[in-house]
Amino acid sequence: MRHGMCIADTKFMGNLFKKSFMPLMLLGLLTTGCVPQFEKANGDLMVLDSSSAEGLLSKTSTGNQSLGDLTTLRNQGYTISYLSMSSSDIQSVNGHNGGGYKISGSAITIYVSNGLASQEQAHVIAHELVHIKDDLEVDFYLRSYPYVSTASQNFVSTYKTQGVNNFDQRVVSYVLGTLFCTEARAYSRNQQLANEGLQTNFFAKGSSLPQFIDQAYIAKFGVSYGSYANNMASWCLSNSSMTQIQGQLVW
Ligand SMILES: [Zn+2]
């Protein structure tokens with residue numbers, strides 16, 4: 001799922017892991033944290049009326065970017081549905097922190113945690129749309145790199161029993177780097193929305209975003225970027241697209 005090549009940045013990534021990643025792995029900090037599951041959710045599903053949330057998005061330029069993403073996806077032939085469900089059900093599908101999504105063929109479902117105010121729903125939709133677009137780009141990219149796809153899937157499904165430090169560093173860098181950048185890009189959209197006045201109690205992380213991603217997402221793998229999380233976030237956001245990021249993480 002990735003593409004492109006930049007020797008300088010690849011070297012940077014390598015250094016990043018040598019300096020911050022390896023020591024932590026040697027400490028054996030593997031936890032029992034769970035990785036995202038991709039099962040179908042049980043429980044009650046309710047169609048969400050997204051009109052209020054989309055109305056709020058239309059009032060900011062960042063929100064209009066998100067609405068533009070929706071239009072682009074529809075023009076590409078995808079259908080978009082919104083479902084309201086409990087946070088625990090969302091966790092069991094493929095999500096976190098108020099929202100999730102599922103792509104099944106040309107059907108895209110965005111899950112929104114029930115009980116959220118309209119402005120928080122707007123943040124969920126904006127956040128998940130970044131993920132959906134990036135996910136599709138990654139899938140497309142990896143068609144040219146089937147061995148990266150296979151190695152990554154193997155890593156995600158077996159790291160708990162195998163131990164992260166027993167994997168090829170390129171796989172670890174690829175999976176965790178992609179995960180880190182995925183969240184950096186999505187939360188960055190939320191921050192931009194908040195900066196434009198769309199308030200949120202959950203999604204604007206300010207300067208703590210790198211550490212938040214490190215602890216909420218990377219730590220599940222029993223490792224962490226530690227003090228290099230700031231560099232990692234800067235690196236992620238210095239790239240203009242997930243495709244560009246992939247180009248520097250694949251091998
Ligand atoms: Zn996310």
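Residues numbered from 1 in each chain as written. Predicted model: local features only at pLDDT ≥ 70, side-chain atom pairs only at ≥ 80, totals over all residues.

- If you check an unreviewed UniProt entry, the chain appears there as Peptidase M48 domain-containing protein from Bdellovibrio svalbardensis.

**Focus: the overall build of the chain**
Then, number 1: The helix and strand inventory of the chain stands at ten helices and five strands.
Then, number 2: When the 251 residues of the chain are sorted by exposure, 40% land in the buried category. (Helix = DSSP H or I, 4+ residues; strand = E, 2+ residues; numbered from the N terminus. Buried ≥ 20, exposed ≤ 12 C-beta atoms within 10 Å, placed from the backbone.)

**Some words on the sheet that holds strand 1 (residues 46-47)**
Then, number 1: Pairing is mixed in the open sheet, where five strands are placed in the order 1-2-5-4-3. Each edge of the sheet is formed by a strand with only one pairing partner; in this case those strands are strand 1 and strand 3 (95-96). (Pairing = 2+ DSSP bridges.)

**Concerning the packing of helix 7 (residues 169-195) against helix 8 (residues 209-218)**
Then, number 1: It is at 10 Å that the axes of helix 7 and helix 8 come closest, and there the two elements cross at 130°. Regarding the angle of helix 7 to helix 8, the classification is oblique. Where helix 7 crosses over helix 8, the two elements pack in a sense that is right-handed. In this structure, helix 7 uses Leu176, Leu179, Phe180, Glu183, Ala184 and Tyr187 to contact helix 8, whose residues at the interface are Leu209, Ile213, Tyr217 and Ile218.
Then, number 2: For the contact of helix 7 with helix 8, the per-class residue count stands at nine nonpolar, no polar and one charged. (Axes fitted to C-alpha atoms, helices over the stretch in contact; angles between N-to-C directions. Parallel < 35°, antiparallel > 145°, perpendicular 65-115°, else oblique. Left-handed = near helix turned anticlockwise from the far one by under 90°. Contact = placed C-beta atoms within 7 Å. Nonpolar A, V, L, I, M, F, W, Y, C, P; charged D, E, K, R; others polar.)

**Examining the nonpolar core**
Then, number 1: In this structure, Tyr111, Phe180, Ala184 and Cys236 are the most contacted members of the largest nonpolar core, which totals 57 residues.
Then, number 2: Examining the composition of this core, we find that eleven residues originate from one element, helix 7, more than from any other.
Then, number 3: Shared between two domains, this core takes at least three residues from each, and those domains are domain 1 (7-34 + 138-249) and domain 2 (46-136).
Then, number 4: Among residues more than four places away in sequence, those in contact with Cys236 are Phe180, Cys181, Ala184, Arg185 and Ile245. (Core = buried A, V, L, I, M, F, W, Y, C linked by C-beta atoms within 7 Å. Domains from an automatic or database assignment.)

**What about the confidence of the model for the chain?**
Then, number 1: Mean pLDDT over the chain works out to 84, with 82% of the residues at or above the 70 mark.
Then, number 2: Per-residue pLDDT stays below 50 along residues 1-42; that stretch engages in 78 contacts with residues further than four places along the chain or on separate chains. (pLDDT = per-residue confidence, 0-100.)

**Quick word on the packing of helix 5 (residues 118-142) against helix 10 (residues 242-249)**
Then, number 1: Orientation of helix 5 relative to helix 10, taken along the N-to-C sense of each, is 40°, at an axis distance of 9 Å. With respect to helix 10, the element helix 5 is oriented oblique. Between helix 5 and helix 10 lies a crossing whose hand is right-handed. Mapping the contact onto sequence places Asp134, Glu137, Val138 and Tyr141 in helix 5 and Met242, Thr243 and Gln246 in helix 10.
Then, number 2: Looking at the contact of helix 5 with helix 10, its residues break down into three nonpolar, two polar and two charged.

**Some thoughts on the pairing of strand 5 (residues 107-113)**
Then, number 1: Of all the seven residues making up strand 5, six are buried; the element is thus mostly covered by neighbouring parts of the structure.
Then, number 2: Sheet topology note: the strand 2 (residues 79-85)/strand 5 ladder contains seven bridges and is parallel. Bridging from a neighbouring strand, Thr79 pairs with Ala107 of strand 5.
Then, number 3: The pairing of strand 4 (residues 99-104) with strand 5 spans six bridges and is antiparallel. Bridge pairing in strand 5 links Gly99 to Val112.
Then, number 4: Hairpin remark: strand 4 followed by strand 5, antiparallel, with two residues in the connecting loop; positive phi at Gly105, about 65°.

**So, the environment of Gln191**
Then, number 1: Mapped onto the elements, Gln191 comes out in helix 7.
Then, number 2: For the pair formed by Gln191 and Leu209, sequence separation is 18 residues and the distance between their alpha carbons is 9.6 Å.

**Digging into the pairing of strand 4**
Then, number 1: Relative to strand 4, strand 3 is paired through two bridges, and the arrangement is antiparallel. Bridge pairing in strand 4 links Gly95 to Gly100.
Then, number 2: Where strand 3 folds back on strand 4, the antiparallel hairpin that results is connected by two residues, among which Asn97 adopts a positive phi of roughly 45°.

**A word on the environment of Ser58**
Then, number 1: Counting through the fold element by element, Ser58 comes out in the loop between helix 2 (51-57) and helix 3 (61-75).
Then, number 2: The class of Ser58 is exposed, set by 12 C-beta atoms lying within 10 Å.
Then, number 3: Taking C-alpha positions, Ser58 is 9.9 Å from Gly68, a pair spaced ten residues apart along the chain.
Then, number 4: With near-sequence residues (within four places) excluded, Ser58 lies in contact with Gly63, Asn64 and Leu67.

**Considering helix 6 (residues 146-162)**
Then, number 1: The axis of helix 6 is deflected most strongly, by about 45°, at Val156.
Then, number 2: Along helix 6, the residues that are buried comprise Val148, Ser152, Phe155 and Tyr159.
Then, number 3: Count one or two residues on from helix 6 and you reach Gly163, which has phi positive near 90°. (Bend = angle between axes of the 7 residues up to and from the residue.)

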